[in-house]
Amino acid sequence: MKIAVGGLNKNQMEAAIKAADPSIEVTVTNDMTGAQMIKQGKVDYYFGACNSGGGAAISILIGLVGYPKCCTVCKNGGTPKEDEIKKFVDEGKVVFGMTVDSIDRTVPMLVAALKNK
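Reading the values: the criteria
Residues numbered from 1 in each chain as written. Predicted model: local features only at pLDDT ≥ 70, side-chain atom pairs only at ≥ 80, totals over all residues. Heavy atoms only, no water. Helix = DSSP H or I, 4+ residues; strand = E, 2+ residues; numbered from the N terminus. Contact = heavy atoms within 4.5 Å. Buried < 20%, exposed > 50% of the residue type's maximum accessible area, 1.4 Å probe, protein only. Arc of directions from axis to C-beta. Pairing = 2+ DSSP bridges. Right-handed = clockwise from strand over helix to strand, strands pointing away.

Novice: I'd like to hear about the side chain of Thr29, residue by residue, with values.
Specialist: Counting through the fold element by element, Thr29 comes out in the loop between strand S2 (25-28) and helix H2 (31-39). When sequence neighbours within four positions are dropped, the list of residues in contact with Thr29 reads Ala4, Val5, Gly6, Lys10, Gly34 and Met37.

Written out as structure tokens, the structure reads:
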């Protein structure tokens, strides 16, 4: 599995992915390059973080990859929900946004759902 990460706290995101599964190939990048990598098939997924979970985390990717492929898995003031994350993965979402303060809780759930797809 290959995941591109962008947005805020990219290094924290990379560390959380590696902690969840060290075999995952992680590319730390920006949103524009991440969108191109998704579209070209160079990565399987994109994880982004910002303060709201849906703004700067994935807004460029919504425009370039398409809204149907994107979702926010944890919004500001919320907590990640395993059943909701699984639903998004089952729907074929490939771009996932989350809040910076939820990275350490959200990423393990998201990685587990993607591995069990």
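Novice: Give me helix H1 (residues 10-20): which residues, what numbers.
Specialist: Of the positions making up H1, those classed as buried are Met13, Ala16 and Ile17. Seen along its axis, H1 keeps its buried residues to an arc of 100°; they face one direction. Opposite the packed face of H1, turned more than 90 degrees from it, sit the exposed residues Asn11 and Ala19. Contact partners of the buried residues in H1: strand S1 (2-7), S2, strand S3 (45-50), strand S5 (95-99) and helix H5 (103-115).

Novice: Provide a residue-level description of the pairing of S1, including the pertinent values.
Specialist: Here S1 pairs with S2 via four bridges, running parallel. By the bridge assignment, Ile3 is partnered in S2 with Val26. Since S1 and S2 lie parallel, the crossover through H1 that links them has a hand, and here it is right-handed. Judged from the five bridges that link them, S1 and S3 form a sheet pairing that is parallel.

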